[in-house]
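Summary of the model geometry
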Amino acid sequence: MKSEDTPFEGGPMDGRVLPVLVGMTGHPPKTYRIPVPDPDGGPPTVLVYRREPRDARGGLRFARWKYTYDPTGRTGSDRKWPWSKSDRPAAADPDATPRGKPDDADG
């Protein structure tokens, strides 16, 4: 597989350039996760970096992408699909009848 030297900005990896594997389209992954082991033997901390377009004026002429640190560490994407569950609370009134209109059964 082909790799591309990609710079990292922000967080503990700031200023480093790592070879990142690119896919069939020539793009590296949108999210790059780096597990950091806990010195006390606990669960590892995961550093999350997000892919962004890179300026052509930088030191690496051929790198088209850079990774920036995401301190929130979100794991999901920002996309909201119509069939996905909404984060909003359910409606307060579970009735199917709109307010202000009498139901046919009421007469």
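Described below are features of the structure shown in this document. All of these numbers come straight from a predicted model, not from anything done at the bench. (Residues numbered from 1 in each chain as written. Predicted model: local features only at pLDDT ≥ 70, side-chain atom pairs only at ≥ 80, totals over all residues. Heavy atoms only, no water.)

1. Some details on the overall build of the protein
Short version of the rule: For the purposes of this entry, the term helix denotes a DSSP run of H or I that reaches at least four residues, the term strand denotes a run of E that reaches at least two, and both are numbered from the N terminus. Per-residue accessibility, obtained with a 1.4 Å probe over protein chains only, is compared with the maximum for each type, and a residue is labelled buried under 20%, exposed over 50%, and partly exposed between these values. Residue burial considers only the protein chains on display, and all accessible areas are found by Shrake-Rupley using a 1.4 Å probe.
In terms of helices and strands, the protein carries 0 helices and 5 strands. Overall, the protein shows an N-to-C arrangement of helices and strands of β-β-β-β-β. Residues classed as buried in the protein amount to 21% of the 107 residues present. Counting only carbon and sulfur atoms, one obtains 54% of the accessible surface of the protein, whose full area is about 8800 Å².

2. Some words on the environment of Thr68
Short version of the rule: Contact criterion: two residues are considered in contact whenever any of their non-hydrogen atoms come within 4.5 Å of each other. In protein, a polar contact means a hydrogen-donor-capable atom and an acceptor-capable atom, both N or O and within 3.5 Å, with residues adjacent in sequence counting only if both atoms are side-chain atoms; elsewhere, any N or O pair within 3.5 Å suffices.
Mapping Thr68 onto the fold places it in strand β5 (residues 65-69). With relative accessibility at 15%, the residue Thr68 sits in the buried group. Sequence separation of Thr68 and Asp14 is 54 residues, and the distance between their C-alpha atoms is 8.5 Å. Each residue touching Thr68, except ones within four places of it in the same chain, is listed here: Glu9, Val48, Tyr49, Arg50 and Glu52. Among the polar contacts made by the side chain of Thr68, one reaches the side chain of Glu52 at a distance of 3.0 Å.

3. A short note on the sheet that holds strand β4 (residues 45-53)
Heads up, the condition is: DSSP bridges decide pairing: two strands pair if at least two such bridges lie between them. Interaxial angles span 0 to 180 degrees and are taken between N-to-C directions of axes, which are lines fitted to C-alpha atoms, for helices over the stretch in contact.
Spatial strand order, β2-β1-β5-β4-β3: 5 strands in an open sheet with mixed pairing. Two strands lie at the open edges of the sheet, namely β2 (17-21) and β3 (31-36), each paired on one side alone. Shown here is a sheet whose adjacent strand axes are inclined to one another by a mean of 35°, direction ignored. Where strand β1 (residues 3-9) lies against β2, 5 bridges are found, and the strand directions are antiparallel. Bridge assignment links Asp5 to a residue of β2, and that residue is Pro19.

4. Focus on the packing of aromatic side chains
To describe a pair of aromatic rings, you give the distance between the ring centres and the angle between the ring planes. Note the cut-off: Aromatic rings from Phe, Tyr and Trp, with only the six-membered ring used for Trp, were paired whenever their centres fell within 6.5 Å, and each pair was classed as stacked if the ring planes differed by under 30 degrees, edge-to-face if by over 60, and tilted otherwise. Two limits define a charge over a ring: the Lys NZ or Arg CZ must be within 6 Å of the ring centre, and within 35 degrees of the ring normal.
The final tally for this structure, using the stated rule, is 5 aromatic pairs. Both rings, one in Tyr32 and one in Tyr67, keep their centres 5.4 Å apart while their planes meet at 45°; by these two values the pair is tilted. With Tyr32 in strand β3 and Tyr67 in strand β5, this pair connects stretches of sequence that are 35 residues apart. By relative accessible area, which is 23% here, Tyr32 ends up partly exposed. On the basis of relative accessible area, Tyr67 is assigned to the buried category, the value being 0%. Taken together, the ring pairs in this structure connect Phe8, Tyr32, Tyr49, Tyr67 and Tyr69 into an aromatic cluster. Above the face of the Trp65 ring, Arg51 is positioned so that its terminal group lies 4.3 Å from the ring centre.

5. Here's the deal with the pairing of β4
The pairing of β3 with β4 spans 6 bridges and is antiparallel. Residue Val36 lies in a different strand from β4, and its bridge partner there is Thr45. In terms of strand pairing, β4 meets β5 through 5 bridges, oriented antiparallel. Considered in β5, the bridge of Pro53 is made with Trp65.

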